[in-house]
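Take a look at the letters that make up each chain.
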Amino acid sequence: MKIYTEKTYEAISSRAASILKAQLVLKTNSVLGLATGTSPIGTYDKLVEDYRSGEISFKDVRTVNLDEYVGLEDTDPNSYHYFMDAHLFSKIDIEKENTHVLSGTASDPEKECRSYERMIRSIGGIDMQLLGLGRNGHIGFNEPDEAFTVDTHIVDLTENTIEANARLFNDISEVPKQALSMGIGTIMRAKRILLIAYGESKADALAKVIAGPVTPHVPGSILQLHPDVTIVCDEAALSKLK
Ligand code: F6R
């Protein structure tokens, strides 16, 4: 694992964006795995700046997102479809048909998960996967469990995650109880992984991801087995690492 420790969220965002930018320079038609949440917003802002200044283009880029809430329409401001359009897709030159986000309203969610896996394979797999980290160690919506779930699947969100995400909804009762998420295998098959962790609330989880036992009780700990992981974080997020 390579770990960059930065002083501020702004510096984390610049560092993460510079790594993604290098990926796009090396392979202009990269398949990028993308995340939502607070962690990557600054990174997306930097990528938009780099696009506007002509340094990068997304014309040939394909994207696949980690997850989506069950039951939210694409147009719902809390859906991850909406998030991606608002923070990135609407601001860059990516072709709409090259962006892929799981459908939270699919009539057959199991089928949606299976076809998402097939789609990722059919476009050649993920070149670089961007991840945030849950306070409970989740990556994507792979919650702590007795076993790792390998492929894209339906998830029952834990109380911890529902509470953490409630800040974005009017009321905690509105937070969906389920999501569709890439599995641990889907994420681990990515050629490169870039994880962003900011702030003290991630410190316990990050210490376990880097140096704890590899266990499904801390899903992100599986990253210790991946050959190409870069972590971009701040000192607070790293503060529990002994
Ligand atoms: C988002 C996702 C989640 C978040 C994680 C951290 O697509 O899959 O795993 O990355 O919950 O969220 P933030 O960045 O909001 O702290």
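Further up the page is the structure itself.
Here's a quick rundown of the structure. (Residues numbered from 1 in each chain as written. Predicted model: local features only at pLDDT ≥ 70, side-chain atom pairs only at ≥ 80, totals over all residues. Heavy atoms only, no water.)

**Considering the overall build of the protein**
Broken down by element type, the protein carries seven helices and 10 strands. A compact globule built from 242 residues would reach a C-alpha radius of gyration of about 18 Å, and the protein, at 17 Å, matches this within 12%. In terms of overall dimensions, the protein has C-alpha extents of about 45 × 40 × 35 Å along its principal axes. By sequence separation, contacts in the protein at least 24 residues apart represent 80% of the contacts at least 6 residues apart. Carbon together with sulfur atoms contributes 50% to the accessible area of the protein, which is approximately 10800 Å² in total. Distance from the positive charge centre (25 side chains) to the negative charge centre (35 side chains) of the protein: 6 Å. (Helix = DSSP H or I, 4+ residues; strand = E, 2+ residues; numbered from the N terminus. Rg over C-alpha atoms; globule rule 2.2 N^0.38 Å. Contact = heavy atoms within 4.5 Å. Areas by Shrake-Rupley, 256 points an atom, 1.4 Å probe, with all protein chains shown as cover. Lys, Arg positive; Asp, Glu negative; His and termini not counted. Charge placed at Lys NZ, Arg CZ, Asp CG, Glu CD.)

**Looking at the sheet that holds strand 4 (residues 67-69)**
Strand order in the open sheet formed by three strands is 4-8-7, and the pairing between neighbours is antiparallel. Looking along the sheet, the strands with just one partner apiece sit at the ends: strand 4 and strand 7 (153-156). Between one strand axis and the next, the sheet turns by 25° as a mean value, whatever way the strands run. In this sheet, strand 8 (residues 178-181) lies alongside strand 4 in antiparallel orientation, the contact comprising three bridges. Paired with Asp67 across the strands is Ser181, a residue of strand 8. Contacts between helix 4 (residues 109-122) and the sheet are confined to strand 7 and strand 8, with strand 7 contributing the most and set at about 125° to the helix. (Pairing = 2+ DSSP bridges. Axes fitted to C-alpha atoms, helices over the stretch in contact; angles between N-to-C directions.)

**Quick look at the pairing of strand 3 (residues 62-65)**
Here strand 3 shows two buried faces, one formed by Arg62 and Val64 and the other by Thr63 and Asn65. Sheet topology places strand 2 (residues 31-34) next to strand 3; four bridges connect them, and they run parallel. Looking across to strand 3, one finds that Leu34 is bridged to Asn65. After leaving strand 2, the chain enters helix 2 (residues 41-52) and then returns to the sheet as strand 3, a path that is right-handed. Of the pairings in the sheet, the one linking strand 3 to strand 5 (residues 99-100) comprises two bridges and is parallel in character. Looking across to strand 5, one finds that Thr63 is bridged to Thr99. (Buried < 20%, exposed > 50% of the residue type's maximum accessible area, 1.4 Å probe, protein only. Right-handed = clockwise from strand over helix to strand, strands pointing away.)

**Description of the nonpolar core**
Counting 35 residues, the largest nonpolar core has Val64, Leu131, Ile139, Met182, Leu195, Leu206 and Leu223 as its most contacted members. Mapped onto this core, the elements with two or more residues apiece are helix 4, helix 6 (184-188), strand 9 (192-197), helix 7 (203-211) and strand 10 (229-234). Once residues lying within four places of it in the same chain are set aside, the contact partners of Leu223 are Met1, Leu131, Ile139, Met188, Ile193, Leu195, Val209 and Val229. Ranked by size, the runner-up nonpolar core spans 26 residues in total, among them Leu32, Leu47, Phe89 and Ile196. (Core = buried A, V, L, I, M, F, W, Y, C linked by side-chain atoms within 4.5 Å.)

**Considerations on the pairing of strand 10**
Remember that side chains alternate between the two faces of the sheet whenever the strand is regular. Within strand 10, six of the six residues are buried, which leaves the element mostly enclosed by the surrounding structure. Two elements, strand 1 (residues 2-6) and strand 10, share five bridges in a ladder whose sense is parallel. From the neighbouring strand, Tyr4 faces strand 10, where its bridge partner is Val232. For the segment spanning strand 9, helix 7 and strand 10, crossover handedness is right-handed.

Such coordinate-based values are descriptive only and should not be taken to indicate function.
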